[in-house]
Amino acid sequence: MANQLKGAVNQLNKVAQIMGLTCDELEILRRPDRVLEVSLPVLMDNGRMKVFTGYRVQYNNIRGPYKGGIRFHPRVNLDEVKALAFWMTIKCAVADIPYGGGKGGIAVNPKILSRGELERLTRAYTRGFADFIGPKTDIPAPDVGTTPQIMAWLMDEYSHINGENIPAVVTGKPVEVGGSLGRETATGLGGFYVLEQVLSKMKMAKSKTSVAVQGFGNVGMNFALIAYRAGYKIVAVSDSRGGIYNASGLNLAEVLAHKQATGSVVDFNKAKNITNEKLLELPVEVVVPAALENVISEQNAGRIKAKIILELANGPTMESAEAKLNKKGVLVVPDVLANGGGVIASYFEWVQNIRQYYWDQDKVEARLKEKIVAAFEKVWQTMEAGGNREMRNAAYIVAVERLVKALRTRGI
Ligand code: GLU
């Protein structure tokens, strides 16, 4: 896990070289604007106090306020949060929405906290960063291990501190308290729109496209359901306990019911159990890593049989794996494009909060499609124009051009 930011910045350097770009502005993009760490004392149900560490990294705000989720996961560390904040900067620039990038987190397993402990931890986090976040400065959202309910507590605490209702301080809220229709499914839906574009460019028929999805959280589950309903053959899915595989395709409605009843997808009676590692190596057209980072490494890259990797997690492919995959002709559709649907819908939520005028779900989804398809086209054209098959490079070129232009125009 060590030094993920270095890997992320290497990508920036690689792209700068391709672009023939040497400028002082690049130096600004190589490091975060501000790194914050706070101690969060929380009263636990057993009557004792526990002190957690909360992070918020404000990477860059040249194109707009810092924007990015908060992650609750045992493996969260400052280096990871910095890398995630950097990726948000690139992602918002690729999507061409008026935001910079940020990210936050707490090293905690939210699954073992009671509801009360989770609420007190979230409120402590909000108080810890109340001077630094805000609708015009830094707007958090959900990420791995955080939910709409957690965003509602954050909004409530921040509103109490400021003496007025401020829904635009955070996105990904429940609809009852200013969330947007369509936000919850937006990352999965955006990924689906991107996949449809890729298939049309590659002239592949969806009826002949089998898909394996790693991760059955908000992103993986919604993506799998949407793709299944659209006629794709979903042959494997997994969650943190393991995966299931049926070469003739899974009935996703039944898998979902099984997951709701048992807490996991494993032991589904119409499939065989497989590991999360084996899922990535299945003979399918599309592999969708939709859980955590660094799951595709130099070790397993050679065993991947898919033609397309659709990165719905952040950072699932390690830098060392990328060259191997490219050599094999695997198209890696990068996270900063493929999972941008979430933050695009967050942008719509924020606009609706500020205007206090709410859209119906069709409007949210139509605009999401418009935005993400435009981003895809721009990246694809950049890739073809450069005669280079790496889509990640193309996405970074699009982002870096926009960021450097904004930096130059504003001045330092
Ligand atoms: N956590 C999500 C991401 O990594 C969403 C961020 C947001 O909506 O601000 O893209």
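Residues numbered from 1 in each chain as written. Predicted model: local features only at pLDDT ≥ 70, side-chain atom pairs only at ≥ 80, totals over all residues. Heavy atoms only, no water.

(A) Expanded view of the site of the ligand. Taken together, the neighbourhood of the ligand is formed by 14 residues, with Lys67, Lys91, Pro142, Asp143 and Ser346 sitting nearest. Between the ligand and Pro142 there is a distance of 2.8 Å, counted from a nitrogen atom to a backbone nitrogen or oxygen. Within the side chain of Asn314, one N or O atom sits 3.0 Å away from an oxygen atom of the ligand. A total of 300 Å² of accessible area belongs to the ligand in isolation, and the protein chains cover 94% of it. Of all elements in the fold, only α3 (78–95) and α13 (341–355) reach the threshold of two or more residues within the shell around the ligand. (Near = heavy atom within 4 Å. Polar contact = N/O pair within 3.5 Å; in protein donor to acceptor, adjacent residues only side chain to side chain. Areas by Shrake-Rupley, 256 points an atom, 1.4 Å probe, with all protein chains shown as cover. Helix = DSSP H or I, 4+ residues; strand = E, 2+ residues; numbered from the N terminus.)

(B) The sheet that holds strand β13 (residues 331–333), seen in detail. Across the sheet, which stays open at both edges, the 7 strands sit in the order β10-β9-β8-β7-β11-β12-β13 with mixed pairing between neighbours. Each of the sheet's edge strands pairs with one partner strand only, and the pair in question is β10 (272–274) and β13. Going across the sheet, the axis of each strand differs from the next one's by a mean of 20°, ignoring polarity. Bridge count for strand β7 (residues 210–214) against strand β8 (residues 233–239) is 5 bridges, and the pairing is parallel. (Pairing = 2+ DSSP bridges. Axes fitted to C-alpha atoms, helices over the stretch in contact; angles between N-to-C directions.)

(C) Layout of the side chain of Lys103. Looking at where Lys103 falls in the secondary structure, it is placed in strand β5 (residues 101–106). In this structure the side chain of Lys103 is engaged in a polar contact, spanning 2.9 Å, whose partner is the side chain of Asp143. Not counting residues within four places of it along the chain, the set of residues in contact with Lys103 comprises Tyr55, Arg56, Val57, Gly68, Gly69, Val81, Leu84, Ala85, Met88, Asp143 and Asn314. (Contact = heavy atoms within 4.5 Å.)

(D) Examining α3 more closely. With 18 residues, α3 extends 26 Å between its outermost C-alpha atoms, agreeing within 8% with the 26 Å of an ideal straight helix rising 1.5 Å per residue. Within α3, 16 of the 18 residues are buried, which leaves the element mostly enclosed by the surrounding structure. Backbone nitrogen of Asp79 and a side-chain oxygen of the N-cap are separated by 3.1 Å at the start of α3; the cap is Asn77. Following α3 by one or two positions, Asp96 adopts a phi angle in the positive range, close to 55°. (Expected span 1.5 Å × (residues − 1). Buried < 20%, exposed > 50% of the residue type's maximum accessible area, 1.4 Å probe, protein only.)

(E) Looking closely at the sheet that holds β5. With mixed pairing, the 4 strands of this open sheet are ordered in space as β1-β2-β5-β4. At either margin of the open sheet sits one strand with a lone partner, and together these are β1 (34–43) and β4 (70–72). Strand-to-strand twist of the sheet, defined as the mean angle between neighbouring strand axes without regard to direction, takes the value 20°. Of the pairings in the sheet, the one linking strand β2 (residues 49–60) to β5 comprises 6 bridges and is antiparallel in character.

(F) Quick peek at the pattern of salt bridges. By the definition in use, this model includes 26 salt bridges. Notably, a salt bridge pairs Arg123 with Glu119, separated by 2.9 Å at the nearest N-O pair. One end of the pair is Arg123 and the other is Glu119, both in helix α4 (residues 115–129) and 4 residues apart, which spans about a single turn. Salt bridges here are not isolated pairs; linked through shared partners, they connect Arg71, Glu80, Lys103, Asp143 and Glu293. (Salt bridge = Lys/Arg side-chain N within 4 Å of Asp/Glu carboxyl O.)

(G) Focus on the nonpolar core. In terms of nonpolar packing, the biggest core is built from 99 residues, with Phe223, Val237, Leu310 and Val333 touching the most fellow members. For Phe223, the contacting residues outside a window of four places in its chain are Gly188, Gly191, Phe192, Leu195, Val211, Val213, Val288, Leu310 and Leu312. Leu113, Trp153, Met155 and Tyr158 belong to the second-largest nonpolar core, a separate cluster that totals 26 residues. (Core = buried A, V, L, I, M, F, W, Y, C linked by side-chain atoms within 4.5 Å.)

(H) Expanded view of the pairing of β2. Across 10 bridges, β1 lies against β2 in antiparallel orientation. Bridging across to β2, Val35 finds its partner in Val57.

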